[in-house]
Structure formats: structure tokens, C-alpha cells
Amino acid sequence: MRADRLVATLLLMQTRGRVTAAEIAAELEVSVATARRDLQALSTAGVPVYPQPGRRGGWSLVGGARTDLTGLSAAEARALFLLAGPAAGVSAEVRAALRKLVRALPAPFRAEAQAAASATVIDPAGWGEHERPRPEIADRLQQAVISRRQIRFTYRDQQREADPWGLVDKDGLWYLIAGTAGGRRTFRVDRISALAETGGVFERPAGFDLDGAWRSVVGQVERARARTRAVLLIEERFVWVLRDHFGPHCEQLEVLPDGRARVRVAAPEPRDLARTLSGWGAAVEVLEPAEVRAELARIGTELATLYATGGAGRHGRRSPRG
């Protein structure tokens, strides 16, 4: 994109003081003619750059003028490359951008920035899980968000039209936050199909903040995931396992003299809690509510009937004796 080249050109001029069109062309991997046109475009736009003729001539910023684009401290440069570096492994565009940014940084920052870019690898797949591939449609939605183009699509067998305000990647699941005739809505990207632009354009609502909007969505979802609460007893040393599973919906209330902890957990339905807790057997004692205790009793009865010693399984075969 030309805007990217113009920014990179300014960065080079700021760090090197004086550059030639040939040097810019080599750094940004464009032709010398393109580099000259970009320099002229900066000058025409009012950026204080000017050419110096002669054998040692080139282009410079008037009076050593500086942009705000690389007023980066060493710590800020390191943070930028730590953030962008892992993405370079899957994106050729990010790799190219990082190479250009490294060249544009002040010399003392370059070695540390390059080290930061390769310091971290992100493995998005959990243990025993497959990596969720980025939805192919995400790139098209992202472009519609950037260019402020209205879209039409099919969602759960219904035709929708929306103003795409922003995208969110939550642990490999992508969501679209959009404005519709019925107000703000959130759509799972992997359920969107038949995407097309309508030809119309839009403006985001004044004061819209994507991060704030997503936090609101998360709050609504988490509240829905915590409709049923249960209080249970478990050895304190195992509370971390419950926290790992229930996340924010696990709260340790107190530790009893016998070493067990009283813990509150939450899930959408009593059955959801019972299915998770039944695997603990007698290591977990649910005190309340009665609905969860009843569901645990039902599961226990079914298992006892199915696996009772000497009993017949579902297919009529008797369990082997030890």
C-alpha cells in the first residue's frame, strides 16, 4: 500500500538524515521511479522534504524536522517487536513489515528489536486440541471494517445486512460486532456465509470503542454461563483444578478445620455442573442446590446400574469377573 511506503520513507529520512531515491528503492523493494514519485508526493503534501542536487545529494527533512512516527524508546521498540514478532511466522506481510521497520529504526535499537521479534512463539492449540484455523471469510470482513463498507450475508439461514464495526479473535473463535437495523449485534464468523458488499458505506457511531463493546459482550455471555450456582466441599489442594475448569465462575469461600474448602462454582444448567463434578466421585460433596444433587444422584444410579459387578451391560453381555 502506498501509505505504508510513505510512512517507511519518512522513517528512513528521519533516521538517516539524507537518502537517495535509489537507497529508498532498495530498502522498500520498489523501483527508483516509484521512490522518486513517493518523495515528490510527500513534498507536494506539505511534508518538509527537499532534494539536494550534486554528487552527494539526496533528499532530506528541512531543518532536521522529525515526525512522531519513530519517537520510540528502546523499551517501546522492544514491546512493538515482541507483539508483532509471533505473527510473522504465519504472515508474509508481517515479515516484510518487520524487516522494513528494523531498517528504519535507529541503529542502537535494531539488534534488540530483531531479537525481540524472534523471542516468542505462539502455539494457539491447547493440549490435546487441534488448532482452530482462521476463517477464510475473516480477511474479507476485516477489509469491510477498514473501508467502512456495508455488508450482506447469511447467518443461520437468514439474510442479514449490517455495518461491520469490528472483529474480535477470542482464543481462535472469531466474532463480528456490527450495527444492524435492530441495534448492535454480535455474530460468530464461522457461521457467516454468502458474504457480499452492498455498495453502501457507513460511519461508526460517535464514541464507539471496540474493546469496550467486546467487554460488554463478554459480560453478557459470562452472566448467562453462571445461571446455576452450587456450593461444594473439596480438599483445598484440589481447588486449583476447579479454578482451571470453571475460570471466573469458581470462588473459594472458606477452608474448614478438616482441610476441605467450601467452594462456589457456576454453570448454565444443573446438568452442566453435575456432568463436570460427577467425575470426582466422592472427592467432591455438593451441599446445594438440590437440583444439582439430584442430577448427580441420577448419574450415579445410571453408572451403578450399567457397571455393577456381574451386571449385564446395555448389549446383554455380563461384565468379566476379576
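Residues numbered from 1 in each chain as written. Predicted model: local features only at pLDDT ≥ 70, side-chain atom pairs only at ≥ 80, totals over all residues. Heavy atoms only, no water.

Pairing is antiparallel in the open sheet, where four strands are placed in the order S10-S11-S9-S12. Every other strand in the sheet has two partners, leaving strand S10 (250–255) and strand S12 (285–288) as the edge strands with one partner each. Within the sheet, the average angular offset between the axes of one strand and its neighbour, ignoring direction, is 30 degrees. Taken together, the five bridges between S10 and strand S11 (residues 260–267) define a ladder with antiparallel strand orientation. Among the inter-strand pairings, Cys250 is bridged to a residue of S11, identified as Val265. Along the sheet, helix H11 (residues 290–307) contacts strand S9 (228–235) and S12; its crossing angle with S12, the most-contacted strand, is approximately 145 degrees. (Pairing = 2+ DSSP bridges. Helix = DSSP H or I, 4+ residues; strand = E, 2+ residues; numbered from the N terminus. Axes fitted to C-alpha atoms, helices over the stretch in contact; angles between N-to-C directions. Contact = heavy atoms within 4.5 Å.)

The residue after Glu288, namely Pro289, is reached through a cis peptide bond having omega 5 degrees. Along the polypeptide, Pro289 turns up in the loop between S12 and H11. The phi angle at Asp157 is positive, at roughly 65 degrees, despite the residue not being glycine. Within the secondary structure layout, Asp157 lies in the loop between strand S4 (149–155) and strand S5 (158–170). Since its relative accessible area comes to 78%, Asp157 is described here as exposed. Positive phi, close to 55 degrees, is recorded for Asp171, a residue that is not glycine. Here Asp171 shows up in the loop between S5 and strand S6 (173–180). Since its relative accessible area comes to 61%, Asp171 is described here as exposed. (Buried < 20%, exposed > 50% of the residue type's maximum accessible area, 1.4 Å probe, protein only.)

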